[in-house]
Amino acid sequence: MKLRRCTTIMFEPREDVSIDFNAMLAGRTELSTATTWFALAAHLEQAVPVSAEQRELLGSLSSRQWTDASDLGSHPRDWRPLLEAGLLISDDDAYAAHRHSDEGMRDGHWWPLAALAHRHARWSGVNSAAQMRDSNMVTARDLRRQLGAPPPAVQVHPGTYQPLPAVDATDYDRLLERRTTCRNFDAARSIGYGQLAQLLQRTVKAQAVVQVEADTAFLKKNVPSGGGLHPTETYLLVQRVDGLAPGLYHYHPVEHALVALPRQCDRPLQDVAEAMLSGQDWFANAAAHLVLVPRYARTYWKYRNHAKAYRALLLDVGHISQALYMAATEQGLAAFVTAAINDVDTEQVFGLDSITQGPVAVVGVGWRSETLTTTEFDPNQVIWPA
Ligand SMILES: Cc1cc2nc3c(=O)[nH]c(=O)nc-3n(C[C@H](O)[C@H](O)[C@H](O)COP(=O)(O)O)c2cc1C
């Protein structure tokens, strides 16, 4: 069997502080600190604890050239667990799954630090809403009480600030004023098919296709995109859109068309949405959720191992979400965006592989309820008059 190190790996010493029970038995209160080294790999979901010998062994092996297992100076006790965990890659078919995901990350031209940050920030089964409630971190006052004062809301530089004129408001200003993140959707009211179509048309539809070669096309959209590559796909979880069966869809930005995905949800769609949204029940009953999913390879085709490429991918999603807010607001609808999503659960719902593509944010749209149950940030009382 041949072995090599996985493509992207970094080591992190983690400190675990606990009560020293020996000192406690002797009547003293002392804390003891234990340090464990963890290996973080770009193709693995979890950090893997490693010994000093294992760390050295991984550092001594190439990620490109194979080494015969029989030529390893190390004891199998050291390398076998690394192979099982996926930190060592093998040519043996028994370990093909780890090899394929490692090759996927390698061939995807990820910048290593971005790959690690991306992989290890993915959530599965997190309930951020419950965590927030359990730790009494719900309101702004809760945050202030528990965390102390934040850095000031405005950074003031020395010198005299030159006043700017307050320009008369236009319809555009009045539209901007009405954009408020919605946390109270009307769970009984559907949005129109045409409304959904218009939202997509204004935000993620291709307004032009520039065909450079037979196999190379660039899209013009109403939102900007790093390198003009528009890597972000739009998947939909539809609950209440007139003329559209509830379910899962993918949007084609050139055809301006939706295809129903041949996937079934084993739970009510609102529960599926709530799980994707890490328990944020105030968002789960939007009429339609748009899951924004970059295809990494599209951007990394141009920006190979590029330190700014991942940042551009995330910024692209932010632009789309603001455009969706504005398009929804203009129709009298309400919208939200969240990055607090269970990536892994969302990938499973839509059948995304996580190596070539994955969700970054979810945007929801629908009619706003007439009743305010969950707080919205509307200090000027534009949406919720006193
Ligand atoms: C990237 C991003 C992530 C967000 N995530 C959440 C979220 O997880 N939960 C939530 O209730 N609101 C979320 N929001 C909405 C913000 O809380 C909201 O924009 C902020 O409170 C200001 O309110 P406004 O959008 O009504 O002006 C998010 C907004 C952005 C831009």
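Quick caveat, the model's predicted, so the values are computed rather than measured.

As for the packing of helix α8 (residues 171-178) against helix α13 (residues 309-330)
Part 1 of the reasoning: Running from amino to carboxyl end, α8 crosses α13 at an angle of 105°, the nearest separation of the two axes being 9 Å. On the basis of the axis angle, α8 is roughly perpendicular to α13. Together, Leu175, Leu176 and Arg178 of α8 and Met326, Thr329 and Glu330 of α13 make up the contact between the two elements.

Quick look at the site of the ligand
Part 1 of the reasoning: Close to the ligand lie Arg179, Thr180, Thr181, Arg183, Gln280, Trp282, Phe283, Val337, Thr338, Ala339, Ala340 and Phe377, which account for all nearby residues.
Part 2 of the reasoning: A distance of 2.8 Å separates an oxygen atom of the ligand from a polar side-chain atom of arginine 179.
Part 3 of the reasoning: Interatomic distance of 2.5 Å between a side-chain N/O atom of threonine 181 and an oxygen atom of the ligand.
Part 4 of the reasoning: When residues of the shell around the ligand are traced back to their parent elements, those giving at least two are α11 (281-284) and β13 (334-338).
Part 5 of the reasoning: For the shell around the ligand, the class distribution of residues is six nonpolar, four polar and two charged.

Quick notes on the nonpolar core
Part 1 of the reasoning: With 30 residues, the main nonpolar core has Ile191, Leu196, Leu199, Leu236, Val241 and Val365 as its most contacted residues.
Part 2 of the reasoning: Listed by contribution, the elements that provide at least two residues to this core are α9 (193-203), β9 (232-238), β10 (247-252), β12 (288-294), α13 and β14 (361-366).
Part 3 of the reasoning: In terms of residue count, the dominant contributor to this core is α13 (seven residues).
Part 4 of the reasoning: When neighbours within four sequence positions are excluded, valine 241 is seen to be in contact with Ser190, Ile191, Gly192, Tyr193, Leu196, Ala287 and Ala288.
Part 5 of the reasoning: By size, the runner-up hydrophobic cluster in this structure holds 25 residues, among which are Cys182, Tyr235, Val293 and Phe350.

Description of the layout of surface pockets
Part 1 of the reasoning: Each pocket or cavity is described by its volume, and for the largest pocket that value is around 510 Å³.
Part 2 of the reasoning: Taken together, 16 residues line the largest pocket, and the ones lying closest to its centre are Met132, Val138, Thr139, Arg183 and Thr375.
Part 3 of the reasoning: Those elements that place two or more of their residues in the lining of the largest pocket are α6 (128-134), α7 (140-147) and α11.
Part 4 of the reasoning: The element that contributes the greatest number of residues to the lining of the largest pocket is α6, accounting for three residues.
Part 5 of the reasoning: Within the lining of the largest pocket, the residues separate by chemical class into eight nonpolar, five polar and three charged.
Part 6 of the reasoning: Of the voids in this model, the second largest pocket is the one considered here, and its volume is about 190 Å³.
Part 7 of the reasoning: Lining the second largest pocket are His118, Ala121, Arg122, Trp123, Tyr310, Leu314, Ala339, Ala340, Ile341, Asp343, Pro359 and Val360.
Part 8 of the reasoning: Broken down by class, the residue content of the lining of the second largest pocket amounts to nine nonpolar, one polar and two charged.

Looking at the packing of helix α2 (residues 52-60) against helix α3 (residues 76-85)
Part 1 of the reasoning: Put simply, α2 and α3 touch, their axes get as near as 10 Å, and they point 70° apart. Comparing the axis directions of α2 and α3 gives the class roughly perpendicular. Across the interface between the two elements, Glu53, Gln54, Leu57 and Leu58 from α2 touch Arg77, Asp78, Trp79, Pro81 and Leu82 from α3.

Re the sheet that holds β10
Part 1 of the reasoning: With respect to topology, six strands assemble into an open sheet ordered β11-β10-β9-β12-β14-β13, the strand pairing being antiparallel. Each having just a single partner strand, β11 (257-260) and β13 make up the two edges of the open sheet. Across this sheet, the average inter-strand angle for adjacent strands is 25°, counted without regard to direction.
Part 2 of the reasoning: Relative to β14, β13 runs antiparallel, the two sharing five bridges. In the strand pairing of β14, valine 337 is matched with valine 363.

Side note on the sheet that holds strand β6 (residues 88-90)
Part 1 of the reasoning: If you trace the three strands from one edge of the open sheet to the other, you get β5-β1-β6, paired in antiparallel fashion. With partners counted over all chains shown, the strands left at the sheet margins are β5 (67-68) and β6, one partner each.
Part 2 of the reasoning: In this structure, strand β1 (residues 2-5) lies alongside β6, joined through three bridges in antiparallel fashion. Pairing of arginine 4 across the sheet is with isoleucine 89, part of β6.
Part 3 of the reasoning: Running over the sheet, α3 touches β1 and β6 and is turned about 75° from β6.

Let's talk about the pattern of salt bridges
Part 1 of the reasoning: For the coordinates displayed, the defined rule picks out 15 salt bridges.
Part 2 of the reasoning: Here aspartate 93 ties to arginine 99 by a salt bridge, and the two come within 3.4 Å at their closest N and O atoms.
Part 3 of the reasoning: Relative accessible area serves as the criterion here: at 61%, aspartate 93 is assigned to the exposed category.
Part 4 of the reasoning: One salt bridge connects aspartate 107 with arginine 106, and the closest N-O pair in it is separated by 3.0 Å.
Part 5 of the reasoning: Assessed through its relative accessible area of 38%, arginine 106 is described here as partly exposed.
Part 6 of the reasoning: Salt bridges sharing common partners tie together Glu45, Arg119, Arg122 and Glu347.

Observations concerning the pairing of β1
Part 1 of the reasoning: With two bridges connecting them, β1 and β5 associate as antiparallel partners. Note on β5: the bridge partner recorded for leucine 3 is threonine 67.

Cut-offs and rules
- Residues numbered from 1 in each chain as written.
- Predicted model: local features only at pLDDT ≥ 70, side-chain atom pairs only at ≥ 80, totals over all residues.
- Heavy atoms only, no water.
- Axes fitted to C-alpha atoms, helices over the stretch in contact; angles between N-to-C directions.
- Helix = DSSP H or I, 4+ residues; strand = E, 2+ residues; numbered from the N terminus.
- Parallel < 35°, antiparallel > 145°, perpendicular 65-115°, else oblique.
- Contact = heavy atoms within 4.5 Å.
- Near = heavy atom within 4 Å.
- Polar contact = N/O pair within 3.5 Å; in protein donor to acceptor, adjacent residues only side chain to side chain.
- Nonpolar A, V, L, I, M, F, W, Y, C, P; charged D, E, K, R; others polar.
- Core = buried A, V, L, I, M, F, W, Y, C linked by side-chain atoms within 4.5 Å.
- Buried < 20%, exposed > 50% of the residue type's maximum accessible area, 1.4 Å probe, protein only.
- 1 Å grid on protein atoms, 1.4 Å probe; cavity = no way out; pocket = protein on both sides within 12 Å on 5 of 7 lines; lining within 4 Å.
- Points joined across faces, edges and corners; volume = space filled by probe spheres on them.
- Pairing = 2+ DSSP bridges.
- Salt bridge = Lys/Arg side-chain N within 4 Å of Asp/Glu carboxyl O.

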